[in-house]
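# Structural characterization, general
The primary structure of each chain is shown beneath.
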Amino acid sequence: DQQLAVAVTLARKADGVERRAAKLFKDYFGVSPALCFNVDASLALAQDGYRFNSASDSGLKIAAADEGGLLNALKTLRQLAEPERGVEKLRFYFLPEVAVEDAPAMAFRGMHLCWFPESDEAFIEKNIRMAAYYKFNYLVLEPWAVFDYASHPEFSWAEKRVKAKTFRRLAQLARAQGLTLIPQLNLFGHAPASRHISGKHPVLDFHPEMQPLFEPDGWTWCLSNPATRRYLTEMVLELHEAFGRPPYFHIGCDEAYSMATCLTCRKADYAALLKDHLLHFRSLLKERGATLMMWH
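Residues numbered from 1 in each chain as written. Predicted model: local features only at pLDDT ≥ 70, side-chain atom pairs only at ≥ 80, totals over all residues. Heavy atoms only, no water.

Turning our attention to the pairing of strand β8 (residues 110-115). Where β8 and strand β9 (residues 138-143) come together, six bridges link them in parallel fashion. Bridged to L113 within β9 is L141. For the crossover that starts at β8, traverses helix α3 (residues 121-133) and ends in the parallel β9, the hand is right-handed. (Pairing = 2+ DSSP bridges. Helix = DSSP H or I, 4+ residues; strand = E, 2+ residues; numbered from the N terminus. Right-handed = clockwise from strand over helix to strand, strands pointing away.)

And the structure:
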């Protein structure tokens, strides 16, 4: 690995990029090459775009618009790399002599992942790493009654709680690989954070006294109850903080099958009630620099 020289030119250089790039080389290839960084603001590359040339007579040369482009270049190199042949144990990888120039067609490249009570931390981490490896840059991570809310612990299964520090670790791990985790908390339907067909309700199964927060069947939040907004506001803030204050927050809002069925909601101007509910959380998140997302 001492023979490999890598010249990196960036249009915009972020603090600490040398250290992060060196770590990824070690993680991907098991080597610590001689890294030389330069800045050229005139580079004509799209955001997250890159080009590289791996000719054997001149070492590896990478040009990237930004750190996201450099990460994408390293991922492409890892996908092209082939392990050493004819030996018992790996010592290095071969890279083909090739010139590549590439840039994402879409600025937002996202996927959605549910953390079910049946899932474990290793499975979630594997999926985060895989999404980053294939150059997604956003991943909505939806805890299904597993996030351990300090403000309202009754909103998760007691035996399946995942600490906020675990979500912080995964968010930091994702960011190091160019992937931003986006939290999701359902603020309309899916109020139990459970499957509709399961009949399970992590809150009401153990705390029936909290029925006023939900429509009579427990599936949809009761929007006419001021306590509902207070609870959800506290949980949204806690979840957004645990994910490292990302620029988006997903509020779900699908499958509100039983909306406007309680005594108060069905007498209200429900369209105005729902609008006010959504605008409250839009303003709450905007103050934190985040854009609200919801299902179409």
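What follows deals with α3. Taking 1.5 Å per residue, 13 residues should reach 18 Å; α3 reaches 18 Å between its end C-alpha atoms and fits that length. Along α3, the residues that are buried comprise I124, E125, I128, A131 and A132. Relative to the axis of α3, the buried residues are bounded by an arc of 125 degrees and lie together on one face. Exposed side chains of α3 directed beyond 90 degrees from the buried face belong to A122 and K126. With its phi angle positive at about 70 degrees, K135 sits one or two positions after the end of α3. (Expected span 1.5 Å × (residues − 1). Buried < 20%, exposed > 50% of the residue type's maximum accessible area, 1.4 Å probe, protein only. Arc of directions from axis to C-beta.)

Another point: the environment of S54. In this fold, S54 is placed in the loop between β3 (50-53) and β4 (60-64). Spatially, the C-alpha atom of S54 lies 7.3 Å from that of L95, the residues being 41 residues apart in sequence. A distance of 2.5 Å separates the side chain of S54 from the backbone oxygen of P96, its partner in a polar contact. There is a polar contact of 3.0 Å between the side chain of S54 and the backbone nitrogen of V98. (Polar contact = N/O pair within 3.5 Å; in protein donor to acceptor, adjacent residues only side chain to side chain.)

Let us now look at the packing of aromatic side chains. Aromatic ring pairs: the centre-centre distance and the angle between the two ring planes describe each pair. Enumeration over the complete set of coordinates arrives at 19 aromatic pairs. When the ring of F116 is compared with that of W144, the centres are 4.9 Å apart and the planes differ by 65 degrees; the resulting orientation is edge-to-face. Residue F116 is found in the loop between β8 and α3, and its partner W144 is found in the loop between β9 and α4 (164-176); the two are separated by 28 residues along the sequence. W144 gets classed as buried once you look at its relative accessible area, which sits at 9%. Ring geometry for W219 against Y257: centres 6.1 Å apart, planes inclined by 15 degrees, an arrangement best described as stacked. With W219 in the loop between β10 (180-183) and α5 (226-242) and Y257 in the loop between β11 (248-250) and α6 (270-286), the pair connects residues that are 38 residues apart, well separated along the chain. Cluster of aromatic residues (ring-pair linked, three or more members): W115, F147, Y149, F167 and F243. (Phe/Tyr/Trp six-rings, centres within 6.5 Å; stacked < 30°, edge-to-face > 60°.)

So, on to the sheet that holds β8. Taken in spatial order, the three strands make up an open sheet running β8-β9-β10, and their pairing is parallel. Edge positions in the sheet fall to β8 and β10, since each has one partner strand and no second. On average, each strand axis in the sheet is inclined to that of its neighbour by 30 degrees, with strand direction left out of account. Packed onto the sheet, α3 meets β8, β9 and β10 and runs at close to 180 degrees relative to β8. (Axes fitted to C-alpha atoms, helices over the stretch in contact; angles between N-to-C directions. Contact = heavy atoms within 4.5 Å.)

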